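Reading the structure
Here is what each chain is made of, one letter per residue.
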Amino acid sequence: GAGVSQSPSNKVTEKGKDVELRCDPISGHTALYWYRQSLGQGLEFLIYFQGNSAPDKSGLPSDRFSAERTGGSVSTLTIQRTQQEDSAVYLCASSYRVGEQFFGPGTRLTVL
Amino acid sequence: ELKVEQNPLFLSMQEEKNYTIYCNYSTTSDRLYWYRQDPGKSLESLFVLLSNGAVKQEGRLMASLDTKARLSTLHITAAVHDLSATYFCAVTGADGLTFGKGTHLIIQP
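Scope of this entry: the structure provided in the associated data block.

Here is what the cut-offs are and how they apply
- Residues numbered from 1 in each chain as written.
- Chains lettered and ligands numbered in written order.
- Predicted model: local features only at pLDDT ≥ 70, side-chain atom pairs only at ≥ 80, totals over all residues.
- Heavy atoms only, no water.
- Helix = DSSP H or I, 4+ residues; strand = E, 2+ residues; numbered from the N terminus.
- Rg over C-alpha atoms; globule rule 2.2 N^0.38 Å.
- Buried < 20%, exposed > 50% of the residue type's maximum accessible area, 1.4 Å probe, protein only.
- Pairing = 2+ DSSP bridges.
- Phe/Tyr/Trp six-rings, centres within 6.5 Å; stacked < 30°, edge-to-face > 60°.

1. A short note on the overall build of chain B
Along its length, chain B carries zero helices and 11 strands. The order of helices and strands in chain B, counted from the N terminus, is β-β-β-β-β-β-β-β-β-β-β. Computed over the C-alpha atoms, the radius of gyration of chain B is 13 Å, within 12% of the 13 Å expected from 2.2 N^0.38 for a compact globule of 109 residues. Judged by the C-alpha coordinates and their principal axes, chain B covers about 40 × 30 × 20 Å. In chain B, buried positions account for 45% of the 109 residues.

Laid out in structure tokens, this is it:
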């Protein structure tokens, strides 16, 4: 069956530009998560949605980061005025309620 | 705050040897996960451990959970090169998973 999909798979942008990263969760999964993984590092939790609401935004590293989820399905992570330290792989995961998380392939973001 | 610690963070071993990766966590949790990540790839779920004393095995990998000690182990038996990857443990907290930093495993022929 279809897994979690993310787009784009790779994104190269210039410092100061805004980027949008998209995540399509597994159909029927109510929870959606965003993580960031820097080169050779573990996973840094960014934000979690249960349905369309985000009970936990504590992981967002700055106010340049925002995320939304509409219709209880697709989510978009937006980074405004990108900085070089934003370069990382952004991983999305989904789960049925708070259960086992299934990960997408990630978006590799490079900020020049 | 839930903290998850893995050790070792880096492990180089020879084929046919046995080794164990440890995952300690700081507060009570009702489930623990092990994931595998190959270079440039996303995370693949290996095991979900739900209760004290739970043991699961898949091929040369075996995971166990001791909730009283807040410890999980991932044991590798007679390692083969194909098991080279980074292994993460993750523990369920209030709002989702908290991950360890990962164990980068290299198995040399």
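2. So, the pairing of strand S6 (residues 53-56) of chain A
In this structure, strand S5 (residues 43-50) of chain A lies alongside S6(A), joined through two bridges in antiparallel fashion. Looking across to S6(A), one finds that A:Gln50 is bridged to A:Ser53.

3. Regarding the environment of B:Gly40
Mapping B:Gly40 onto the fold places it in the loop between strand S4 (32-37) and strand S5 (43-49). A residue is classified by how much of its surface remains accessible, and B:Gly40, at 64% relative accessible area, is exposed.

4. As for the packing of aromatic side chains
All told, the structure shown has 10 aromatic pairs over all chains when counted by the stated rule. Relative to A:Phe45, the ring of A:Tyr35 has its centre 6.0 Å away and its plane inclined at 70 degrees; by these criteria the two rings are edge-to-face. Here A:Tyr35, found in strand S4 (residues 31-37), pairs with A:Phe45, found in strand S5; they are 10 residues apart in sequence, far enough to count as distant. With a relative accessible area of 0%, A:Tyr35 lands in the buried category. For the ring pair A:Phe103 and B:Tyr35, a centre distance of 5.3 Å and an interplane angle of 85 degrees mean the geometry is edge-to-face. Of this pair, A:Phe103 sits in strand S10 (residues 102-103) while B:Tyr35 is found in strand S4, placing the two residues in two different chains. Note on B:Tyr35: relative accessible area 0%, which makes it buried. Here the aromatic residues A:Tyr33, A:Tyr35, A:Phe45, A:Tyr48, A:Phe103, B:Tyr33, B:Tyr35, B:Phe88 and B:Phe99 are joined through ring pairs into a cluster of three or more.

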